[in-house]
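# Chains, contacts and geometry: an overview
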Amino acid sequence: SPSTMAFSLALAGSVMITVSVVSIGPECLAASSMPENNGNGELAENSFFVFGITLMPILSWAFLQRLLSFGAGCLLYFLMSKYAFPEPEEILAEHSEALL
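What this report covers is the structure whose coordinates are included nearby. If you're wondering where the values come from, they're calculated on a predicted model, not measured in any experiment.

### Side note on a nonpolar patch on the surface
- Residues F7, L11, V15, V19 and I24 make up a contiguous nonpolar surface patch of about 460 Å² in total accessible area.
- Its location among the elements puts F7 in helix α1 (residues 2–28).

This is the structure we're talking about:
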């Protein structure tokens, strides 16, 4: 039924967001993923340790680049979901108002 399908898709979407935030996010911010830390075993002096992962310094170019990329991705997702691929209910509401 349509309600079961909507529930399944909502559940899948929330799982994808959770996996992105909990799993992929910390890996992207790990100090070992910074280019200057690839070859040697020592990390930058202002790295910090949280939840079992040594994270990159907040005041670094790598962190700024990743933060800007994340922001650009969020902005593009919002714009695409709002204008390029609107929800079916929004499309139906617009067309039903035009018919009335």
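### Topic: the environment of F63
- Relative to the helices and strands, F63 resides in helix α2 (residues 61–84).
- The buried category is assigned to F63, whose relative accessible area is 18%.
- Contacts of F63, omitting those with residues within four sequence positions, involve L29, M56, P57 and I58.

### Overview of α1
- Spanning 27 residues, α1 covers 37 Å between terminal C-alpha atoms, matching the ideal 39 Å at 1.5 Å per step.
- The largest bend in α1 comes to about 30°, at S20.

### Examining a negative patch on the surface
- On the surface, a cluster of negative charge is contributed by E87, E89, E90, E94 and E97.
- Within the secondary structure, E94 is located in helix α3 (residues 88–99).
- Given a relative accessible area of 55%, E94 falls into the exposed group.

### A short note on the side chain of S60
- By the secondary structure assignment, S60 is in the loop between β2 (53–55) and α2.
- A polar contact is formed between the side chain of S60 and the backbone nitrogen of F63, at a distance of 3.3 Å.

Definitions and limits used
Residues numbered from 1 in each chain as written. Predicted model: local features only at pLDDT ≥ 70, side-chain atom pairs only at ≥ 80, totals over all residues. Heavy atoms only, no water. Patch = residues over 30% accessible without salt bridge, like charges linked within 9 Å, V, L, I, M, F, W, Y side chains within 5 Å. Areas by Shrake-Rupley, 256 points an atom, 1.4 Å probe, with all protein chains shown as cover. Salt bridge = Lys/Arg side-chain N within 4 Å of Asp/Glu carboxyl O. Helix = DSSP H or I, 4+ residues; strand = E, 2+ residues; numbered from the N terminus. Buried < 20%, exposed > 50% of the residue type's maximum accessible area, 1.4 Å probe, protein only. Contact = heavy atoms within 4.5 Å. Expected span 1.5 Å × (residues − 1). Bend = angle between axes of the 7 residues up to and from the residue. Lys, Arg positive; Asp, Glu negative; His and termini not counted. Charge placed at Lys NZ, Arg CZ, Asp CG, Glu CD. Polar contact = N/O pair within 3.5 Å; in protein donor to acceptor, adjacent residues only side chain to side chain.

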